Amino acid sequence: MSALDRDSVYEFANQEIAIFHNTRLAVLDKIKLRDVIKKKNPYLFRAKNILTASELIKSMLDARLSSSEEKIFGDFLERLAIFISQQVAYGRKSSAKGIDLEFERDSILYIVAIKSGPDWGNSSQYQSLEANFKTAVKVQRQAQSGLHIQPVLGICYGNTQRVDNGLYLKITGQDFWYFVSGDRDLYIEILEPIGNRAREHNDRFLERQAALENRLSREFTEEFCLPDGQIDWAKLIGFNSGNHK
């Protein structure tokens, strides 16, 4: 294993986190009122007794953005882990389905699926992951007979201990970043580049988000509110869920 060049890791993370924030802004630019309404549960918001267009739009938009940001940031962490592995173990982006990273260490080929957090998937997604691991192992063994191959599910945050379920290792949080880098403290030290200029980026995002909320609230009031200003829940739910002609 080669030594980790922390300066290059910080530089890479700084560049990537700027991309993350720019991608967040790009998501805002694409959001339309009808897309927000179509993809969220109006019954839930009715049960919460939301009374104003602005509150309803904010609630729907926050839910939409939260799921979007988790995916965007997960992609950033995956690229960061691959970059680090490239430095210390000649790691490479995998071409195998469902596998993100491959690298060799101590005569073992590790094939790694990277997930951002511990609640990344349901039972069917875990089954797909296991099938992807089995296929990748089979292909690698056909190409390199006798090679020791170890599948790994790497999770970027969380504090569960390392688990070997027989097919793959599950490595989480600090242990995962140590696994790809050889540095026990890296999981804390990457906070610095991640947080670099965070307030500046977020202030710009919040300003654009507020403008979007105002625009969508105005459009919602025009289309889905009664003349007295109350939300027309029947029309809203009809738009969201009606499908009988």
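Note that the structure is predicted; figures quoted are calculated from it, not measured. (Residues numbered from 1 in each chain as written. Predicted model: local features only at pLDDT ≥ 70, side-chain atom pairs only at ≥ 80, totals over all residues. Heavy atoms only, no water.)

Undergrad: Just to check I follow, could you spell out the overall build of the chain for this structure?
TA: Within the chain one finds ten helices and six strands. Across its three principal directions, the C-alpha atoms of the chain cover 75 × 45 × 30 Å. Within the chain, counting contacts between residues at least 6 apart in sequence, those at least 24 apart form 64% of the total. When the accessible surface of the chain is summed, it comes to about 13,700 Å², and 49% of that surface belongs to carbon and sulfur atoms. (Helix = DSSP H or I, 4+ residues; strand = E, 2+ residues; numbered from the N terminus. Contact = heavy atoms within 4.5 Å. Areas by Shrake-Rupley, 256 points an atom, 1.4 Å probe, with all protein chains shown as cover.)

Undergrad: Got a minute to help me understand the nonpolar core in this structure?
TA: A general tendency of soluble globular proteins is for nonpolar side chains to be buried together. Counting 59 residues, the largest nonpolar core has L56, L80, V112, F176, W177, F179 and F220 as the members making the most contacts within it. If one sorts the elements of this core by residue count, helix α4 (residues 53–89) sits on top with 16 residues. The residues touching F176, leaving out its near neighbours within four places in the chain, are A81, V112, I114, G154, I155, C156 and I171. A136, V137, L147 and I155 belong to the second-largest nonpolar core, a separate cluster that totals 15 residues. (Core = buried A, V, L, I, M, F, W, Y, C linked by side-chain atoms within 4.5 Å. Buried < 20%, exposed > 50% of the residue type's maximum accessible area, 1.4 Å probe, protein only.)

Undergrad: Looking at this structure, how should I read helix α1 (residues 6–30)?
TA: Compared with the 36 Å implied by 1.5 Å per residue over 25 residues, the 36 Å span of α1 between its first and last C-alpha is a close match. Between a side-chain oxygen at the N-terminus of α1 and the backbone nitrogen of D7 the separation is 3.2 Å; the capping residue is D5. (Expected span 1.5 Å × (residues − 1). Polar contact = N/O pair within 3.5 Å; in protein donor to acceptor, adjacent residues only side chain to side chain.)

Undergrad: Any chance you could explain the pairing of strand β4 (residues 148–155) here in plain terms?
TA: Burial runs high along β4: seven of the eight residues are buried. Examined bridge by bridge, strand β3 (residues 108–115) and β4 share eight bridges and lie parallel to one another. Its bridge partner lying in β4, L109 is registered against I149. Sheet topology note: the β4/strand β6 (residues 169–172) ladder contains four bridges and is parallel. Across the sheet, the residue bridging to G154 is I171, located in β6. (Pairing = 2+ DSSP bridges.)

Undergrad: Even after reading the chapter, I still don't get the sheet that holds β4, so can you show me in this structure?
TA: Strand pairing in a sheet relies on backbone hydrogen bonds. The paired strands run either parallel or antiparallel. The six strands lie next to each other as β1-β2-β3-β4-β6-β5, forming an open sheet whose pairing is mixed. Whereas interior strands pair on both sides, the edge strands pair on one side only; in this sheet they are β1 (92–93) and β5 (163–164). In this structure, β5 lies alongside β6, joined through two bridges in antiparallel fashion. Residue pairing in the sheet places V163 in a bridge with K170 of β6. Seen against the sheet, α4 touches β1, β2 (101–105) and β3 and runs at an angle of roughly 25° to β2. Contacting β2, β3, β4 and β6, helix α6 (residues 173–181) runs over the sheet at an angle of about 105° to β6. (Axes fitted to C-alpha atoms, helices over the stretch in contact; angles between N-to-C directions.)

Undergrad: Would you mind going over the packing of aromatic side chains with me for this structure?
TA: Aromatic rings considered in pairs are described by the distance between their centres and by the relative angle of their planes. Across all of its chains, the model carries eleven aromatic pairs by this definition. A centroid spacing of 5.6 Å and a plane angle of 55° characterise the contact between F224 and F239, whose relative ring orientation is tilted. Placement of the pair is F224 in helix α9 (residues 198–224) and F239 in helix α10 (residues 233–241), with a sequence separation of 15 residues. Taking the relative accessible area as the measure of exposure, F224 reaches 1% and is therefore buried. The buried category is assigned to F239, whose relative accessible area is 17%. One residue, R105, lies across the ring of F179, its end atom 5.5 Å from the ring centre. Just above the ring of Y178 sits the side chain of R184; from NZ or CZ to the centre is 4.2 Å. (Phe/Tyr/Trp six-rings, centres within 6.5 Å; stacked < 30°, edge-to-face > 60°. Lys NZ or Arg CZ within 6 Å of the ring centre and 35° of its normal.)

Undergrad: Is there a simple way to think about the environment of V9 in this case?
TA: Mapped onto the elements of the fold, V9 is located in helix α1. C-alpha separation for the pair V9 and L101, spaced 92 residues apart in sequence, amounts to 17 Å. Dropping the residues within four chain positions of it, V9 is found in contact with L4, L80, F83, I84 and Q87.

From the geometry alone we can't say anything about function, so treat these as descriptive.
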